[in-house]
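# Understanding the architecture of this molecule
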Amino acid sequence: MSENTIPQGRPIWIDLTTSDIEKARTFYGDIFGWTFEDQGAEYGNYHMIKSGDAFVGGMMGRVPEMPAGPDAWTVYLDTPDAQATCDKATHNGGMVLVPPMQVGGSGIMGLIADPGNCATGFWQAADFDGIQTMAVAGAPCWFEIFTPSYAKSVDFYRDVFGWNVVPLSDTDEFRYATNQLPPQDSVAGIMEANFLGEGHPGFWRTYLGAVDVDATAARIVEAGGSIVEAAQDSPYGRFASVADNQGANFVIVQAPAA
């Protein structure tokens, strides 16, 4: 796919906010074979995550000045202009949680909340372009938003990040759309989630690739994690919703390359 056909606002990075970074290192190292590079005190001891030789995400320890909340994975969308993204977000019913922040020579990051109160990161790349491998075991494979404010959120990502929103289903029972260019270059999804209840914030689900979903789910339990939704088959591969040993949710999915 050429550069000028890459859908705008594609997921470009993920990171984990964790209560205990050493426990998280042990857990994810055991499950996915990840290795970690501590960026030092200058960058808050942010850890870059590698799967093999490729960067696939990051991890940071929770600090007192952070808002209270559960451990969670955050998805970052690419933007050519971080400040313009913030301006568009506030103009379209969102709010800025973390204003644009320069990260050395790598780029500019920040965090916004959409109309469904889903926290979404953004990244304006400079020297670092983000995730270096995808759709293989140990790397991100898919990203989707669960939102109680579906119509407003669809408009938000179209207007703020330039999503080309293509509905896959639009019924009272199931509403789901993707950000894509025809015919099949989907890069992220958004799903109506009325079951969350009034006032519950929306959230991203990050899918991480596994060679064997059932065996990986068993290892997650052995490592102190838990199964949120048992493994099941879908047209897009076998998957299971899980949580790590500190409660951060993610999904494991049969990696396409596997």
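Here's a quick rundown of the structure. (Residues numbered from 1 in each chain as written. Predicted model: local features only at pLDDT ≥ 70, side-chain atom pairs only at ≥ 80, totals over all residues. Heavy atoms only, no water.)

## What about helix α4 (residues 213-222)?
Note the threshold: The classification of residues rests on relative accessible area computed with a 1.4 Å probe and restricted to protein chains. Under 20% of the type maximum is buried, over 50% is exposed, and intermediate values are partly exposed. In DSSP terms, a helix is any run of H or I states spanning at least four residues, a strand is any run of E spanning at least two, and both are numbered starting from the N terminus. Note that the arc is defined by the directions from the helix axis to the C-beta atoms. Should any heavy atoms of two residues lie within 4.5 Å, those residues are counted as being in contact. Whenever a nitrogen or oxygen atom comes within 3.5 Å of another N or O atom, the pair is scored as a polar contact, on the condition that within protein one atom can donate a hydrogen and the other can accept it, and that pairs from neighbouring residues in sequence are kept only if both atoms are in side chains.
By the burial criterion, the buried members of α4 are V213, T216, A217 and I220. One face of α4 carries all of its buried residues, which in axial projection span an arc of 105°. Of the surrounding elements, those touching the buried residues of α4 are α1 (21-32), β13 (203-210), β14 (226-232), β15 (239-243) and β16 (249-254). The N-cap of α4, judged by a side-chain oxygen 3.1 Å from the amide nitrogen of D214 a few residues on, is D212. Following α4 by one or two positions, G224 has its phi on the positive side, about 100°.

## Let's talk about the layout of surface pockets
Let me state the cut-off plainly: Definitions used throughout: a 1 Å grid over protein atoms alone; a cavity as a set of points that fits a 1.4 Å probe which cannot get out; a pocket as an open set with protein on both sides within 12 Å along at least five of seven lines; a lining residue as one with an atom within 4 Å of a point. Grid points are joined across faces, edges and corners, and a volume is the space filled by probe spheres set on the points. Only Asp, Glu, Lys and Arg are considered charged in this grouping, and only Ala, Val, Leu, Ile, Met, Phe, Trp, Tyr, Cys and Pro are considered nonpolar; every other residue, Gly among them, is considered polar.
The calculated volume of the second largest pocket comes to roughly 1100 Å³. Around the second largest pocket, the lining is made up of 36 residues, and of these C141, W142, F143, Y176 and Y236 lie nearest the centre. The set of elements that each furnish at least two residues to the lining of the second largest pocket consists of β1 (11-18), β9 (140-147), β10 (165-170), β11 (175-179), β13, β14 and β16. When residues of the lining of the second largest pocket are assigned to their parent elements, the largest contribution, five residues, is made by β9. The residue inventory of the lining of the second largest pocket, partitioned by class, reads 22 nonpolar, nine polar and five charged.

## Here's the deal with the side chain of T85
Within the secondary structure, T85 sits in helix α2 (residues 82-91). Setting aside residues no more than four positions away along its own chain, T85 makes contact with T79, F122, V160 and F161.

## Quick word on the sheet that holds strand β3 (residues 47-51)
Spelled out, the test is: Only strands joined by at least two bridges in the DSSP assignment are considered to pair. Axis lines are fitted through C-alpha atoms, for helices just across the contact stretch, and the angle between N-to-C directions can take any value from 0 to 180 degrees.
Spatially, the eight strands line up as an open sheet ordered β2-β3-β4-β1-β5-β8-β7-β6, and their pairing is mixed. With one partner strand each, in any of the chains shown, β2 (35-38) and β6 (95-103) form the two edges of the open sheet. Taken over all neighbouring pairs, the strand axes of this sheet differ in orientation by 25° on average, direction set aside. Judged from the seven bridges that link them, strand β7 (residues 107-113) and strand β8 (residues 119-125) form a sheet pairing that is antiparallel. Bridged to I112 within β8 is T120. Against the sheet, α2 touches β6, β7 and β8, its axis set at about 180° to β6.

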